[in-house]
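# An overview of the molecular structure
Now for the letters of each chain:
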Amino acid sequence: MPRVFNFSAGPAMMPEPVLLRAAAEIADFGGTGMSVMEMSHRSKEYVALFEGVETKFRTAMGVPGNYKVLFLQGGATLQFSAVPMNLLARTGKADYAVTGFFAQKAFKCARMYGNVRAAADTGDYTAIPGQEDLDLDPGASYFHFCHNNTVYGTRWPYLPETGGVPLACDMSSSILSEPIDVSKFGVIYAGAQKNMGPAGLTVVVVRDDLLEIPPLPGTPDLLTYKSQAENGSMINTPATYGVYLLGLVLDWLEEEGGVVAMEKHNREKASLIYDSVERSPVFACKVEPRSRSMMNVVFSSGSDETDARFLKEAAARGMVTLKAHRATGGIRASMYNAMPLEGAERLAGLIDVFK
Ligand SMILES: Cc1ncc(COP(=O)(O)O)c(C=O)c1O
């Protein structure tokens, strides 16, 4: 079976050279006579690999020296708790921008821990609020937002200005897809399974001064950023194979030209699809143009039957997992870094001829 263009929102396509290299190394990593997944996480070889991946990640994302990079587990969803548990004690209050499915989940979760407010709620989630629409509390411990809303296909076209309140950001579906000024953030977190590797690994980038905030009472050690930082993300066994694969993805990313090249590549792919949808007499995209995601393009004909016929025709042409999330219905083309340009071209071609 030839490889398909898999438009899954996550777990998502991996770069093919990464899969082939992992396959070649699966039983014998670097002449050790064992697979990475068989190695003790305390072994000299594995610790060297782990530290090397952190260095590559720092380089790829441009992480400043006053930030820690943590390789954790539990997905982005566990960070919905970890963020308030680690940061809320500063003032006991936090602001959340409720702009989509996961942003709302993060908000609802944080409300269990303290005085948490919606600083913006865009209702139908087809647009990102403007800076002037944010109702910001200068006394908030942090301002949380989801940089790219995977389900609704929106992306923040700017970084919110909060006047010193740290930004806490869910970057699960856009991390490493474009250059980001990390120094503007307090905490960034992301599940790996879209742009970084397989599910099971969660990356957290946190500014050093925030580690001095006392965690809320009862916060487990595994969820305490400071404990994880002090133990090199190895309080317990980390997602060893996932970190190795992240390393391979970062090697690939560097060869491809890094995040600057990725942004160009991702913009090009997304534009192909948005332009075809705009031209199409059948389909429409509800997201206002300035808020459109480069990663997840959501569109629909307005008829379940027509959308289903499109999905069938796409599958027959080697394009799969295009069914949108149940919250929106319709079609969603998720095109992370690893989606080749040909995937977007083929999909745009089908939209153009679909009647
Ligand atoms: C933006 C965003 N946040 C959070 C999540 C949840 O991630 P996880 O399944 O890793 O907990 C997802 C998953 O799709 C996502 O897209």
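Residues numbered from 1 in each chain as written. Predicted model: local features only at pLDDT ≥ 70, side-chain atom pairs only at ≥ 80, totals over all residues. Heavy atoms only, no water.

## Comments concerning the pairing of strand S8 (residues 167-170)
Burial along S8 is two-sided: Leu 167 and Cys 169 and Ala 168 and Asp 170, pointing in opposite directions, are all buried. Inspection of the sheet shows strand S5 (residues 143-146) paired to S8 by four bridges, in the parallel sense. In the strand pairing of S8, His 144 is matched with Ala 168. Relative to strand S9 (residues 187-191), S8 runs parallel, the two being bridged by three bridges. Residue Asp 170 lies in a different strand from S9, and its bridge partner there is Tyr 189. (Buried < 20%, exposed > 50% of the residue type's maximum accessible area, 1.4 Å probe, protein only. Helix = DSSP H or I, 4+ residues; strand = E, 2+ residues; numbered from the N terminus. Pairing = 2+ DSSP bridges.)

## Considering the site of the ligand
In the vicinity of the ligand lie 13 residues, with Thr 77, Thr 150, Asp 170, Gln 193 and Lys 194 positioned nearest. At a separation of 2.6 Å, a nitrogen atom of the ligand approaches a polar side-chain atom of Asp 170. Contact distances for the ligand include 2.9 Å between an oxygen atom and a side-chain N or O atom of Gln 193. Here the ligand has 390 Å² of accessible area as a free molecule, and 84% of this is covered by the chains. Examining the composition of the shell around the ligand, we find that four residues originate from one element, helix H3 (residues 75-87), more than from any other. (Near = heavy atom within 4 Å. Polar contact = N/O pair within 3.5 Å; in protein donor to acceptor, adjacent residues only side chain to side chain. Areas by Shrake-Rupley, 256 points an atom, 1.4 Å probe, with all protein chains shown as cover.)

## A look at the domain arrangement of the chain
Size of an interface: often given as the accessible area lost when the parts come together. Taken as a whole, the chain is organised into domain 1 (17-255) and domain 2 (258-353). Between the C-alpha centres of domain 1 and domain 2 there is a distance of 26 Å. Each side of the interface is counted separately: domain 1 has 28 residues, and domain 2 has 27 residues. Buried surface at the junction of domain 1 and domain 2, summed over both partners, amounts to about 2,200 Å²; 57% is from carbon and sulfur atoms. When the buried surface of domain 1 facing domain 2 is broken down by residue, Thr 126, Val 151 and Arg 155 rank first, second and third, together holding 21% of it. Along the contact surface separating domain 1 from domain 2 lie zero salt bridges. Between domain 1 and domain 2 we count 13 residue pairs in polar contact (both at pLDDT 80 or more) in total. (Domains from an automatic or database assignment. Contact = heavy atoms within 4.5 Å. Buried area = accessible area lost by both parts, 1.4 Å probe. Salt bridge = Lys/Arg side-chain N within 4 Å of Asp/Glu carboxyl O.)

## Description of empty space enclosed by the protein
Where empty space is left in the structure can be found by rolling a water-sized probe over the atoms. Under the definition given, this model contains two cavities of 30 Å³ or more. For the largest cavity, the calculated volume is near 50 Å³. Taken together, Met 13, Met 14, Pro 15, Lys 194, Asn 195, Met 196, Gly 197, Val 249, Trp 252, Asn 337 and Ala 338 form the lining of the largest cavity. Across the lining of the largest cavity, the residue classes break down as seven nonpolar, three polar and one charged. The volume enclosed by the second largest cavity comes to roughly 30 Å³. Residue lining of the second largest cavity: Asn 6, Ser 8, Ala 12, Met 13, Ser 334, Tyr 336 and Met 339, and that is the complete set. (1 Å grid on protein atoms, 1.4 Å probe; cavity = no way out; pocket = protein on both sides within 12 Å on 5 of 7 lines; lining within 4 Å. Points joined across faces, edges and corners; volume = space filled by probe spheres on them. Nonpolar A, V, L, I, M, F, W, Y, C, P; charged D, E, K, R; others polar.)

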